[in-house]
Amino acid sequence: MSLLEEAQRVRDNAYAPYSGFKVGAALKTPSGRVFTGCNVENVAYPEGTCAEAGAIAAMIAAGETRIAEIVVIADSPEPVTPCGGCRQKLAEFGDGDMPVTMATLGGATVTRALKELLPGAFATHHMVNG
């Protein structure tokens, strides 16, 4: 199954009773393992979890720490980018050239490098150590 198919499959499991906006994400690690996540809303906004964050959490729980590529899908008129917080989460585990594919249920896709979606990402070199 392709990453797009995995993202679409897991999107069906999203818990979005408040917004009705279901999102699925599937990421692949350099080792070839695939991890998925879907958004999970909560009545106490903003306590929900984004699909990308869920896929990253599954990856970390399985002992992996690097993302090679990710696909995000939603039922929208045009491909939806990851939110700002998820862009920063992706930057923690992927490099700037990592492909981020955004897709719609209608079949439209756009792929961008992470550095295009989050130029100037906050990184460890911005921190003072010691």
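Above this text sits the structure in question.
Everything numeric in this text was worked out from a predicted model, so none of it was measured.

Comments concerning the packing of helix α2 (residues 51-61) against helix α3 (residues 84-93)
It is the contact of α2 with α3, at a shortest axis distance of 10 Å, that shows an interaxial angle of 25°. As the angle between them shows, α2 and α3 are arranged roughly parallel. Note that α2 runs across α3; the crossing there is left-handed. Contacts between α2 and α3 involve E52, A53, I56, M59 and I60 on the former and, on the latter, C86, K89, L90 and F93. When the residues that make up the contact of α2 with α3 are grouped by side-chain class, the tally is 7 nonpolar, no polar and 2 charged.

Thoughts on unusual backbone geometry
Between Y45 and the following residue, P46, the backbone shows a cis peptide bond with an omega angle of 0°. Looking at the secondary structure, you find P46 in the loop between β2 (34-38) and α2.

Describing the pairing of strand β3 (residues 69-74)
Burial analysis of β3 places 5 of its 6 residues in the buried class, the great majority of the element. Bridging between strand β1 (residues 23-28) and β3 involves 6 bridges; their strand directions are antiparallel. In the strand pairing of β3, L27 is matched with I70. Alignment of β3 against strand β4 (residues 99-104), held across 5 bridges, turns out to be parallel. The partner of I70 across the bridge, within β4, is V100. After leaving β3, the chain enters α3 and then returns to the sheet as β4, a path that is right-handed.

Points about α3
Buried within α3 are the following residues: C86, R87, L90 and F93. Seen end-on, α3 carries its buried residues on one side only, within an arc spanning 125°. At its buried positions, α3 is contacted by α2, β3 and α4 (114-117).

Cut-off values and rules
- Residues numbered from 1 in each chain as written.
- Predicted model: local features only at pLDDT ≥ 70, side-chain atom pairs only at ≥ 80, totals over all residues.
- Heavy atoms only, no water.
- Axes fitted to C-alpha atoms, helices over the stretch in contact; angles between N-to-C directions.
- Helix = DSSP H or I, 4+ residues; strand = E, 2+ residues; numbered from the N terminus.
- Parallel < 35°, antiparallel > 145°, perpendicular 65-115°, else oblique.
- Left-handed = near helix turned anticlockwise from the far one by under 90°.
- Contact = heavy atoms within 4.5 Å.
- Nonpolar A, V, L, I, M, F, W, Y, C, P; charged D, E, K, R; others polar.
- Buried < 20%, exposed > 50% of the residue type's maximum accessible area, 1.4 Å probe, protein only.
- Pairing = 2+ DSSP bridges.
- Right-handed = clockwise from strand over helix to strand, strands pointing away.
- Arc of directions from axis to C-beta.

So far we have only geometry, and geometry alone does not tell us how the molecule works.
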